[in-house]
2 protein chains.
Amino acid sequence: MSGDHGPAIIVPSALQVLAEHPDLHLILVGDKSVLEEMLRSQQAQENTRLTIHHASQVVEMSELPSHALRFKKDSSMRVAINLVKAGEAQACVSAGNTGALMATARYVLKTLPGIDRPAIITALPTIQGHDTHVLDLGANVDASPEHLFQFAVMGSVLAQAVHNLPNPKVGLLNIGQEEIKGIEKVKEAGRLLSNSALINYAGFVEGDGIFSGNVDVVVCDGFVGNIALKTTEGVAHMISHYVKQSFNRTVFTRLAALIALPVIKRLREQIDPRRYNGASLLGLRGIVIKSHGSADTLSFAYAIREAILEVQKNVPMRISEQLEKMLLTPEKRQVG
Amino acid sequence: MSGDHGPAIIVPSALQVLAEHPDLHLILVGDKSVLEEMLRSQQAQENTRLTIHHASQVVEMSELPSHALRFKKDSSMRVAINLVKAGEAQACVSAGNTGALMATARYVLKTLPGIDRPAIITALPTIQGHDTHVLDLGANVDASPEHLFQFAVMGSVLAQAVHNLPNPKVGLLNIGQEEIKGIEKVKEAGRLLSNSALINYAGFVEGDGIFSGNVDVVVCDGFVGNIALKTTEGVAHMISHYVKQSFNRTVFTRLAALIALPVIKRLREQIDPRRYNGASLLGLRGIVIKSHGSADTLSFAYAIREAILEVQKNVPMRISEQLEKMLLTPEKRQVG
């Protein structure tokens, strides 16, 4: 029910992904009459793989997480997460208030053993073609070295299990690549990661390292990660604005645009931000995917697809297994 | 002598800016024989507005600032800053090791009264056409609310004095725009700025706010600022890579590129990162400009031009005046 556009984009998006996946069953959680009306308007009221689960409330986009937790016990968000907890759904996808989603998911589902705090992760494109995975993107405004270590474990598992990277390289976001640089907690996290035999730790990366493709997972606290993500969106938006403006200026430039259209279209497909929609709330005993609030139909479909992949690969269980292995594996021996 | 390319780009760049500014006098600081040879190869040994000041050492790009301070007392960087201190030069421009430049400048020149820590500031393009100014970009990996307040004062002065923005709007970089969001020190800095009558404080901005043009100055600590800056460079580089690749793919796309060339060229001019080279070390009793280490001739010229502007506008004195005014001005009265 939430996000900037609510069911108007979520329902058509759900129908699209249902058509792609013949085994998929989707539950639309929210105001029954609104959702039924939406399905009628899309001629989809007869789809047996699509059910409606009524929820009477909606968490507002600017609502405090604590307020949502306390007063929105029948919100679409809360009810959807309850369904995951009860085993009636295998994942929850929401375009709603990030803080409330995280707080509710954490409260209802709890964190996995060995995980102190869940983290938000997303994929971003790189210059080498394959994606990179960045976490935390805002769940933890501060994070201790141990938290950063746990983020590294979770990010590695996601990159490996869902995105088929056999031995994902993990970098720590810092302001220099040398070991002496940066802030203490990042340096300490670097020492923890260097000593772990189960993480393919590649050292510090700077902001541009997110897009270089030299590492597969970039770890940082939620304050820095959120600023890096929003900065990325801001730069991309600005460049796209100037590209449009330049091609729109005169008759000649509009003609040039027409000729360049197939090139621009292919380019858009390669680095279309909508393809990267669907951030995972990792570290929970259940799968929760956060879509961008402003997602359109195409974009929200990517978030649903991410949920399907994580269900197929059983990401929470894999994170647990990896953490258990770490407890049983001796630390890497220091050589030299 | 330093930077990735040393005198090979700095000397031609100096000659170019000298030709533009008939009143300018430049002092090349570094190895005399190397510099003389460079000038000879450029047929410029006779230019009376260009002198050489010998320095026998060079600070390496990866050298520890403390090491440079202690053992490189005759480095080109140290000698250039000494010339500013002695009043023989009005500004120093360097493409060298940022940490060593900041440590040396701070040690030799000292900070202005009322400034605890200098900060690094640069201009970045926005969607609205005018630039935004972001600080700190890495001088202070952590900063207290009071430091962030001082950065706001310094950033305002630079935006106003050098870049002709009459009443620059100042935003604090945070992970949400609501007052309740973010980390404690940023919220406290927000309270300090809200209470100051001499700062046009516009509240919190997120990472994309750097490029929206809604504020003229964005304030953050050096860790976050550096990551935002490097992220910006990374995204821009990646997009430019994919643009080139897309236009280079087939005969048809190369033809499209040829037709689109004037558009792309104009676009490059609008948001060419080289135009934004030349970060200022603000808060010192003297003007020091840091060029990107990998700057080319065109790019380094922008750093020299920034130095000229700051000399003309006497930025350090204006920062001092503004701080003094603040001490004399009562806090804003809370209304309502």
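Residues numbered from 1 in each chain as written. Chains lettered and ligands numbered in written order. Predicted model: local features only at pLDDT ≥ 70, side-chain atom pairs only at ≥ 80, totals over all residues.

## Observations regarding unusual backbone geometry
Okay, so step 1: The residue after Leu135 of chain A, namely Asp136 of chain A, is reached through a cis peptide bond having omega 0°.
Okay, so step 2: The residue Asp136 of chain A is located in the loop between β5 (131-135) and α6 (145-161) in this model.
Okay, so step 3: Of note, the phi angle at Asn314 of chain A is positive, near 50°, even though the residue is not glycine.
Okay, so step 4: Turning to its location among the elements, Asn314 of chain A is positioned in the loop between α11 (297-313) and α12 (315-328).
Okay, so step 5: Positive phi, close to 60°, is recorded for Asn164 of chain B, a residue that is not glycine.
Okay, so step 6: Inspection of the secondary structure puts Asn164 of chain B in the loop between α6 (145-161) and β6 (169-173). (Helix = DSSP H or I, 4+ residues; strand = E, 2+ residues; numbered from the N terminus.)

## A few points about α6 of chain B
Side chains of residues three or four places apart in an α-helix project in the same direction, reflecting 3.6 residues per turn.
Okay, so step 1: Between its first and last C-alpha, α6 of chain B extends 24 Å over 17 residues, near the 24 Å set by a 1.5 Å rise per residue.
Okay, so step 2: Counting buried positions over the 17 residues of α6 of chain B gives 13, a clear majority of the element. (Expected span 1.5 Å × (residues − 1). Buried ≥ 20, exposed ≤ 12 C-beta atoms within 10 Å, placed from the backbone.)

## Observations regarding the sheet that holds strand β10 (residues 287-290) of chain B
Residue and element names in this part refer to chain B.
Okay, so step 1: The strand order β3-β10-β9-β4-β5-β8-β6-β7 describes an open sheet built from eight strands, whose pairing is mixed. Every interior strand has two partners, whereas the edge strands, β3 (91-94) and β7 (200-205), have only one. Sheet twist, expressed as the mean angle between neighbouring strand axes with direction ignored, is 25°.
Okay, so step 2: Note that strand β9 (residues 279-282) and β10 share two bridges and pair antiparallel. Each residue of the ladder has a partner; that of Ala279, found in β10, is Lys290.
Okay, so step 3: Against the sheet, helix α4 (residues 76-85) makes contact with β3 and β10, and its axis sits at roughly 160° relative to β3, the strand it touches most. (Pairing = 2+ DSSP bridges. Axes fitted to C-alpha atoms, helices over the stretch in contact; angles between N-to-C directions. Contact = placed C-beta atoms within 7 Å.)

## Examining the domain arrangement of chain A
All names here are of chain A.
Okay, so step 1: As far as domains go, chain A holds domain 1 (7-116 + 281-321) and domain 2 (120-274).
Okay, so step 2: Centre-to-centre separation of domain 1 and domain 2, based on C-alpha positions: 25 Å.
Okay, so step 3: Listed per partner, the contact involves 18 residues of domain 1 and 14 residues of domain 2.
Okay, so step 4: Put simply, the parts of the chain that give the side of domain 1 that touches domain 2 at least two residues each are α5 (98-109), β9 (279-282), α11 and α12.
Okay, so step 5: Along the lines of polarity and charge, the residues of the side of domain 1 that touches domain 2 split into nine nonpolar, three polar and six charged. (Domains from an automatic or database assignment. Nonpolar A, V, L, I, M, F, W, Y, C, P; charged D, E, K, R; others polar.)

## What about the interface of chain B and chain A?
Okay, so step 1: Tallying the contact residues gives 49 residues for chain B and 49 residues for chain A.
Okay, so step 2: Elements that contribute at least two residues to the side of chain B that touches chain A include exactly α8 (209-212), α9 (222-247) and α10 (251-271) of chain B.
Okay, so step 3: Among the elements that make up the side of chain B that touches chain A, the one with the highest residue count is α9 of chain B (21 residues).
Okay, so step 4: Broken down by class, the residue content of the side of chain B that touches chain A amounts to 27 nonpolar, 15 polar and seven charged.

## Things to note about the packing of helix α9 (residues 222-247) of chain A against α9 of chain B
Okay, so step 1: For the pair α9 of chain A and α9 of chain B, the least separation of the axes is 9 Å and the interaxial angle reads 40°. The angle between α9 of chain A and α9 of chain B places the two elements in the oblique class. In the crossing of α9 of chain A with α9 of chain B, the sense of the turn from one axis to the other is right-handed. Here Val224, Ile227, Ala228, Thr231, Thr232, Val235, Ala236 and Ile239 of chain A of α9 of chain A lie close against α9 of chain B, whose contacting residues are Val224, Ile227, Ala228, Thr231, Thr232, Val235, Ala236 and Ile239 of chain B. (Parallel < 35°, antiparallel > 145°, perpendicular 65-115°, else oblique. Left-handed = near helix turned anticlockwise from the far one by under 90°.)

## Overview of the relation of the copies chain B and chain A
Okay, so step 1: For the pair chain B and chain A, the best superposition has an RMSD of 0.0 Å and corresponds to a rotation of 180° with a translation of 0.0 Å parallel to the axis. Such a combination of turn and shift is consistent with a two-fold rotation axis. (Least-squares fit on C-alpha atoms with pLDDT ≥ 70 in both.)

## Quick look at the pairing of strand β4 (residues 119-125) of chain B
Residue and element names in this part refer to chain B.
Okay, so step 1: Among the seven residues in β4, seven count as buried, and that is most of the element.
Okay, so step 2: Here β4 shows no split at all, with Ala119, Ile121, Ala123 and Pro125 on one side and Ile120, Thr122 and Leu124 on the other all buried.
Okay, so step 3: Summarising the sheet, β4 and strand β5 (residues 131-135) pair through five bridges and their orientation is antiparallel. Bridge assignment links Ala123 to a residue of β5, and that residue is His133.
Okay, so step 4: Here β4 folds back onto β5, and the loop between the two strands holds five residues, one of which, Gly129, carries a positive phi near 100°.

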